[in-house]
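Now for the letters of each chain:
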Amino acid sequence: MLPRKFHQARWDEPIIFEMSSSGERGILVPEVEKDIENSAGDVLAEIPKHMLRPQPPRLPELSQWQVLKHYLHLSQETMGADMGIDISLGTSTMKYSPKVNEQLTRLPQIAELHPLQDEQTIQGMLEVYYGLEQILKEISGMDQFTFQPSSGAQSIYTNASIIRKYHEAKGELDRRTEIITTIFSHPTDGASPATAGFKIITLMPGENGYPDLEALKAVVSERTSGLMITNPEDTGIYNPHIDEFVRVVHEAGGLCAYDQANANGVLGIARAREAGFDLCHFNLHKTFSSPHGSFGPGAGAVGVRKELAQFLPVPTVDFDGSKYFLNYDHAQSIGKVRGFFGVAPVVLRAYAWAMSLGAEGLRECAEISVLNNNYLQKKIMEIPGVTVRYADKRRLEQVRYSWEKLKEDTGVGTEDVARRIVDYGIQSYFTSHHPWVIPEPFTLEPCESYSKADMDEYVSILRQVAEEAYANPELVKNAPYQSTIHKCDTSFDDPHQWAPSWRAYLKKKGTGSEAERKGTAESKQSTESGEDRLVG
Amino acid sequence: MSKKAYPYIPNAVPEIKTQLLEACGLSSVEEIYRDIPEHLRLPREMNLPQPLLSEYSLRRHVEEILDRNRSCKDYLNFLGAGTWQHYVPAVCDEINGRAEFLTAYTGKTYADHGKWQALFEYQSALCELVDMDITGMPTYDWGQAAATALRMAARITGRTEVVVTRTLSQERVLQLRNYLLPEIEIKFMEYEQDTGKLDLADLKKKVSTKTAAVYFENPSYIGVVETAGEEAARIAHSYGALLVVGVDPISLGVLAPPSHYGADIVCGDLQPLGIHMSFGGGLAGFIATHDEPKYVAEFPNLIYGITRNEEHEEYGFGQVYWERTAYATREKGKEFTGTSAGLWGITAGVYLNLMGPQGMQEVGKTIMQKSAYAKKRLSELKGVNLSFPSLTFKEFVLNFDQTGKSVAEINKQLLEHKIFGGKDLSLEFPELGQSALYCVTEIHTKEDIDKLVYSLGKILERG
């Protein structure tokens, strides 16, 4: 199969501030009736002078079609999962988000719902929350859920907060100061509990790619507050001794929280409960198909065993047999992690998605996602320059590969390949979280949404780029060519150069001619260090 | 009978599945799961509701459930208190419904260039609105943004106390309390009972050389426009503390942004800027600072920066000071980061760029006019009083003590008139008696407000 002849949209689109034309309006404000105007009087005169904005904000001035076109150009210059074959963003489970679910979230019955309305007027919304909770209880074996967290990281923070409160209630928080995680768990399994005040112990993998049980035993102590871990880890390897990990931590008096960001391959197969976990969380924007929205909003579903339900953030949603209600009765609640009740449209999409599949369909998702992944792995491993660490271990839903050999052979590294594949119409892939334990990594996750043809095309592109690397490494190193822009310096660590706003850019451009020259020179150099800033 | 096919799972087709298995040298999918021991397996099929396999039946099912809601399209709404009903321009929905933005995630500038530019333009527009130079990707919501702003202040000053206004919602307090644990201690400063404004005398009592930051919101949760920002800033700064101010961005066409009266860090919520309420799902926080390395170094969230490739005459985008994030350094990063609210950032950018300088000024003035009209009419009702005589923006507190009715009773009866009355404050602020926080915005017509006045009048007449 030959890669398709692709060219990304290239509109050479100005920054919207450069398009401003004085006096134009994109939209008008609702009218004020004469009676109101007369009755209200000169409201601006009532604002003390020092509190009145002296000049209006210096926003661009454009008419509506011009604004629309500008953003449509920008949308065309965006790949997004709906455009390319987004096997690229491993650990993120880029699955199809059904359009019907999207349309449902845009109905006024949810979009125009105020969170503080009387309970009798939000029964439908509460039923959706309750319904999804029942589904997730069965999928995980946990006893109660909250959908308040807005993301995976905030879910992990929620779990860390519950662990903190649990030990505090037992009067042991002073000495239980440590959370254990693994290097192949998401970075926030370290960062979120650290924010909650814990000291983090990170286990490195053993020889065989599994987290090392002996290493765990060596660090577990009366200081252990809990374990926060993914399984399968970001390598795609399922740790078969996970229940042993849980047992060791339980024996030391700690709690175990299961980061189920990688749950897609085990839906209906293996659950948090059987492995002994006390808490878990799912990313509804990954496993449960809500679209990722250019980096959110997502939603996290945090589930706990009934002994921990008293610690959940308030309120939860309950049902008394005739009506749904908000339940604030959680004696030792950690309080709140987000305003109101979480990201309701994401909860609705997840509910609709799960209801469209049922038990059999959800298991089909899991089975096809692992089958797809094993097929893809087989094909990827035939590409010159690709290796995989812990090759004897069966992968579930994703694989972290390595271009180490390609780099040794040709000088072309994983960041170069990531830029080059864009020329063939697929998303620049996710390398790995940091630190890179696997050299020159790339992480692919062909979940159940991808067809065989999608996978074959993806493989053909990677093969094409690998062959290019062996034949003409400079071609790959200087990519992309068919994209919206060319290779440039994308790391901004110098305060004299960084510009997160147009006004800051103009200031630095106008006053820093030396900095400007320096920036241009740097943009021509290889930017190995700055380019792997993909996150997931 | 045709075999089962799942429209979202192409390879569920048995023939394709067989092809894939054969290519892998496997006889069944079970072989892939062989590393998961039996005792960790679910030994049965999950017990879940029967699926709604056709799109039609799914749609019917969900629509039937949602039809049990009564939305602010069905009823006249005067609730605000953290999520507000403003007009959402059609172009905002058009853009955030675009498949490319909706389904993009973490792709880099080479594949998702337009996403990066749209978010950079959001950052740029927000910076104009708050008149500061630095902001990043949106955070989860105002509460998270405020908590992070306070944590940033604590790291910058090396101190562990914050002095926070007591006029915060209970929601915000619960969020701050949880998120500021374990190091940061919250001290509350009182408000003036007669005006609802900051009690500067109490601030002076609470603030000390241990104070990392002083925090208030403008307009406050109880609607009052705080006019003593400069004095609060002077007091905070005199102790080496930072001033952090939370702000409603839609007020900033007419009200001075906090940077003008000395705020060092500004935070707030983007939801008023073109984002539907969605039962609270439309929240998205922002944090903005001046362009100094000591501030930028403390942001936990991603910050998009612009560069110019002079050779090709192109803009490119990348991460500003990435090493500070948890993505780069795990637990050594600043707090944590992750999926936040990118789509709402893009939407807020679209909104601000549609509105422009004049639009933001006009919407601010319009809200104040309509809100002032409502205040005037409502306070003419017998037994209904404004709790504070102070300047307000879109929300204001009405007191019903002299009506002999509780807010809960009144709001129940307003439902019969298809009106959502203001947020009951009697539990959050018992000292305000039977009071409610009413919200009037640009979307309310004179007729809407008159209907509220009429209905309330009827309810109160009934005694």
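Before any of the text, the structure's been laid out above.
Reference entry: report on the structure contained in this document. (Residues numbered from 1 in each chain as written. Chains lettered and ligands numbered in written order. Predicted model: local features only at pLDDT ≥ 70, side-chain atom pairs only at ≥ 80, totals over all residues. Heavy atoms only, no water.)

**Digging into the interface of chain A and chain B**
To be explicit about the condition: Residue contacts are counted whenever heavy atoms from the two residues lie within 4.5 Å of one another. Note: buried area is the sum, over both parts, of the accessible area (probe 1.4 Å) each one loses when the two are combined. Between Lys or Arg on one side and Asp or Glu on the other, a salt bridge is scored when a side-chain nitrogen of the former is within 4 Å of a carboxyl oxygen of the latter. Polar contact is the term for a pair of N or O atoms within 3.5 Å; when the atoms are in protein, one must be able to donate a hydrogen and the other to accept it, and sequence-neighboring residues count only if both atoms are side-chain atoms. Each helix is a run of DSSP H or I of at least 4 residues and each strand a run of E of at least 2, with the numbering of both proceeding from the N terminus. Any residue outside Ala, Val, Leu, Ile, Met, Phe, Trp, Tyr, Cys, Pro, Asp, Glu, Lys and Arg is labelled polar, Gly included; the first ten of those are nonpolar and the last four are charged.
Of the residues lining the interface, 224 residues belong to chain A; the matching set on chain B comes to 207 residues. Interface area, chain A with chain B, both sides summed: about 19100 Å², of which 63% is carbon and sulfur. With its nearest N and O atoms 2.7 Å apart, the salt bridge here joins B:K108 to A:E415. Between the two partners, chain A and chain B, sit 108 residue pairs in polar contact (both at pLDDT 80 or more). Ranked by residue count, the leading element in the side of chain A that touches chain B is helix α12 (residues 344-380) of chain A, at 25 residues. Tallied by class, residues from the side of chain A that touches chain B come to 110 nonpolar, 65 polar and 49 charged.

**A short note on the pairing of strand β9 (residues 324-327) of chain A**
Keep this limit in mind: At least two DSSP bridges between two strands are required for those strands to pair.
Pairing of strand β8 (residues 316-319) of chain A with β9(A) involves 4 bridges; the strand directions are antiparallel. By the bridge assignment for β9(A), A:F319 is matched with A:Y324.

**Re unusual backbone geometry**
Here is the rule: Think of it in three bands: with a 1.4 Å probe and only protein chains considered, a residue is buried below 20% of the maximum accessible area for its type, exposed above 50%, and partly exposed in between.
The residue after A:A479, namely A:P480, is reached through a cis peptide bond having omega 5°. Look at the link from B:N218 to B:P219: it is a cis peptide, with omega at -5°. Although it is not a glycine, B:A81 sits at a positive phi angle of roughly 60°. Mapping B:A81 onto the fold places it in the loop between β1 (76-77) and α3 (90-96). Judged by relative accessible area, B:A81 falls into the buried class, the value being 8%. Look at B:K418: it is not a glycine, yet its phi comes out positive at around 60°. One can find B:K418 in the loop between α13 (407-416) and β13 (419-420). A relative accessible area of 45% places B:K418 in the partly exposed class.

**So, the side chain of A:K508**
Note on placement: A:K508 falls in helix α17 (residues 502-511). Not counting residues up to four positions away in its chain, the partners in contact with A:K508 are A:P495, A:H496, A:Q497, A:W498 and B:D291.

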